Amino acid sequence: MEPVYLSIENFMSHKKTEIDFSLFQAALIIGSFKSDPLESNGVGKTVFFHAIEWILYGTYPTDTIDEIVRDNCNYAKVIFDFKKGSKTYRIIRKRNKEKNTGS
């Protein structure tokens, strides 16, 4: 499987992120907090891998599935395109946040 494209919307810490894997052969993910490269812990680098795991396997790194939906958002959506052989496939997974019906 060769990744082609990844779109993450309202998934965990990411509001909207798109990656076109065809633009590079290798990548290094570097994060920074408030433009400070010395503060890179917890800024969302691992979320790319969590999004791919969720879309392919339905697994998520939180206690409940609703926690994958970004704070103050109603849904999370991931689109993943990949090649296998000469064919390109697209998977779309969306999760609407459940409404709290308690008082």
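Here, the structure is the one placed above.
We now turn to the structure provided with this report. (Residues numbered from 1 in each chain as written. Predicted model: local features only at pLDDT ≥ 70, side-chain atom pairs only at ≥ 80, totals over all residues. Heavy atoms only, no water.)

**Describing the overall build of the protein chain**
Scanning the protein chain from terminus to terminus reveals one helix and four strands. Secondary structure elements of the protein chain occur, N-terminal to C-terminal, as β-β-α-β-β. When contacts within the protein chain are restricted to residue pairs at least 6 apart in sequence, those whose partners lie at least 24 apart make up 53%. If you sum the accessible surface of the protein chain, you get close to 7500 Å²; carbon and sulfur atoms cover 49% of it. (Helix = DSSP H or I, 4+ residues; strand = E, 2+ residues; numbered from the N terminus. Contact = heavy atoms within 4.5 Å. Areas by Shrake-Rupley, 256 points an atom, 1.4 Å probe, with all protein chains shown as cover.)

**Section: the environment of Val78**
Its location among the elements puts Val78 in strand 3 (residues 75-84). Of the residues examined, Val78 reaches a relative accessible area of 0% and is grouped as buried. Residues Val78 and Glu18, 60 residues apart in the sequence, show an inter-C-alpha distance of 9.8 Å. What Val78 contacts, discounting residues up to four positions off in sequence, is Leu6, Ser7, Phe11, Ala51, Trp54, Ile55, Ile91, Ile92 and Arg93. (Buried < 20%, exposed > 50% of the residue type's maximum accessible area, 1.4 Å probe, protein only.)

**Examining the packing of aromatic side chains**
Overall, the coordinates contain four aromatic pairs when judged by the stated rule. Linked through ring pairs, Phe80, Phe82 and Tyr89 together constitute an aromatic cluster. Its guanidinium or amino end placed over the ring of Trp54, Arg93 lies 5.6 Å from that ring's centre, counting from NZ or CZ. Sitting above the plane of the Tyr75 ring, Lys94 keeps its charged end 4.7 Å from the centroid. (Phe/Tyr/Trp six-rings, centres within 6.5 Å; stacked < 30°, edge-to-face > 60°. Lys NZ or Arg CZ within 6 Å of the ring centre and 35° of its normal.)

**Things to note about the environment of Thr59**
Mapped onto the elements, Thr59 comes out in the loop between helix 1 (47-57) and strand 3. With relative accessibility at 42%, the residue Thr59 sits in the partly exposed group.

**Re the pattern of salt bridges**
Under the defined criterion, the tally for this structure stands at three salt bridges. Notably, a salt bridge pairs Asp66 with Arg95, separated by 3.1 Å at the nearest N-O pair. Within this pair, whereas Asp66 is found in the loop between helix 1 and strand 3, its partner Arg95 is found in strand 4 (residues 87-96), the two being separated by 29 residues in sequence. Under the relative-accessibility criterion, Arg95 is labelled partly exposed at 21%. (Salt bridge = Lys/Arg side-chain N within 4 Å of Asp/Glu carboxyl O.)

Function cannot be read off these values alone, since they describe shape.
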